[in-house]
Amino acid sequence: EKFQSKTSFDLEFYTEVLDLSYLTELLDEDVFTAKYKKLNEGIASIIEDFSLVSFVPLDIHDKGSILKVLQGVDKALGYTPSNEEELLIQQFVSAEPEEDVDEHLMV
């Protein structure tokens, strides 16, 4: 929240990017990026058409939020965790904050 005033858009814009025309309009206002207007519009169109970008908010103090980010990364990479890894993830989610969690989950 403390950085929200420094961003050009609200959090919902980044987490539910469906229409990038707002972003291309913002880029057109900048002297450097305005000369790449057609390129920016083309890239934005490809991103929208193929749903190539998504954002997941992360709260490092919320295990559920961390798990959503982990699942999103796994999905983007086409990775399916093994049963052992699923157990480690469940151990992480269910652990109390002061409990030690298996080192495999610490990156």
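Residues numbered from 1 in each chain as written. Predicted model: local features only at pLDDT ≥ 70, side-chain atom pairs only at ≥ 80, totals over all residues. Heavy atoms only, no water.

Named according to an unreviewed UniProt entry, the chain is GPN-loop GTPase 2 originating from Allacma fusca. According to the UniProt record, the Subunit (unreviewed entry) comment for the chain is "Binds to RNA polymerase II (RNAPII)." Recorded in UniProt for the chain, the comment headed Sequence similarities (unreviewed entry) runs: "Belongs to the GPN-loop GTPase family." (UniProt positions renumbered as here; feature names shortened; annotations may be inferred.)

What is the right way to look at helix H4 (residues 37-50) in this model?
Because each turn of an α-helix spans 3.6 residues, side chains separated by three or four positions in sequence point in the same direction. Counted at 1.5 Å a residue, the expected span for H4 with its 14 residues is 20 Å, and the 20 Å between its end C-alpha atoms agrees. Looking at the residues trailing H4, positive phi occurs at Ser 51, about 50 degrees. (Helix = DSSP H or I, 4+ residues; strand = E, 2+ residues; numbered from the N terminus. Expected span 1.5 Å × (residues − 1).)

Honestly, the packing of aromatic side chains in this entry has me stumped. Any pointers?
Two descriptors summarise a pair of aromatic rings, namely the distance from one centre to the other and the angle between the planes of the rings. On inspection of all chains with the given rule, the structure shows one aromatic pair. Their ring planes at 65 degrees and their centres at 5.7 Å tell us that Phe 32 and Tyr 36 sit as a pair that is edge-to-face. The partly exposed category is assigned to Tyr 36, whose relative accessible area is 36%. (Phe/Tyr/Trp six-rings, centres within 6.5 Å; stacked < 30°, edge-to-face > 60°. Buried < 20%, exposed > 50% of the residue type's maximum accessible area, 1.4 Å probe, protein only.)

Looking at this model, I keep getting lost on the packing of helix H5 (residues 63-77) against helix H6 (residues 83-94). Mind explaining?
Two quantities define a packed helix pair, namely the angle between the helix axes and the distance between the axes. Orientation of H5 relative to H6, taken along the N-to-C sense of each, is 155 degrees, at an axis distance of 9 Å. By the angle between their directions, the pair H5 and H6 is classed as roughly antiparallel. Helix-helix and strand crossings are classified by hand; for H5 and H6 the assignment is right-handed. Contacts between H5 and H6 involve Lys 63, Ile 66, Leu 67 and Leu 70 on the former and, on the latter, Ile 89, Phe 92 and Val 93. Taken together, the residues of the contact of H5 with H6 sort by class into six nonpolar, no polar and one charged. (Axes fitted to C-alpha atoms, helices over the stretch in contact; angles between N-to-C directions. Parallel < 35°, antiparallel > 145°, perpendicular 65-115°, else oblique. Left-handed = near helix turned anticlockwise from the far one by under 90°. Contact = heavy atoms within 4.5 Å. Nonpolar A, V, L, I, M, F, W, Y, C, P; charged D, E, K, R; others polar.)

Just to check I follow, could you spell out a nonpolar patch on the surface for this structure?
Taken together, Ile 46, Phe 50, Leu 52, Val 53 and Phe 55 make up a surface patch of nonpolar side chains, about 510 Å² in accessible area. Mapped onto the elements, Phe 55 comes out in the loop between H4 and H5. (Patch = residues over 30% accessible without salt bridge, like charges linked within 9 Å, V, L, I, M, F, W, Y side chains within 5 Å. Areas by Shrake-Rupley, 256 points an atom, 1.4 Å probe, with all protein chains shown as cover. Salt bridge = Lys/Arg side-chain N within 4 Å of Asp/Glu carboxyl O.)

For this particular structure, what's the right way to read a negative patch on the surface?
Where like charges cluster on the molecular surface, the negative patch consists of Asp 19, Glu 25, Glu 29, Asp 30, Glu 48 and Asp 49. For the negative patch, the elements supplying multiple residues, two or more each, are helix H2 (21-29) and H4. You can see Asp 30 is positioned in the loop between H2 and helix H3 (31-34). (Lys, Arg positive; Asp, Glu negative; His and termini not counted. Charge placed at Lys NZ, Arg CZ, Asp CG, Glu CD.)

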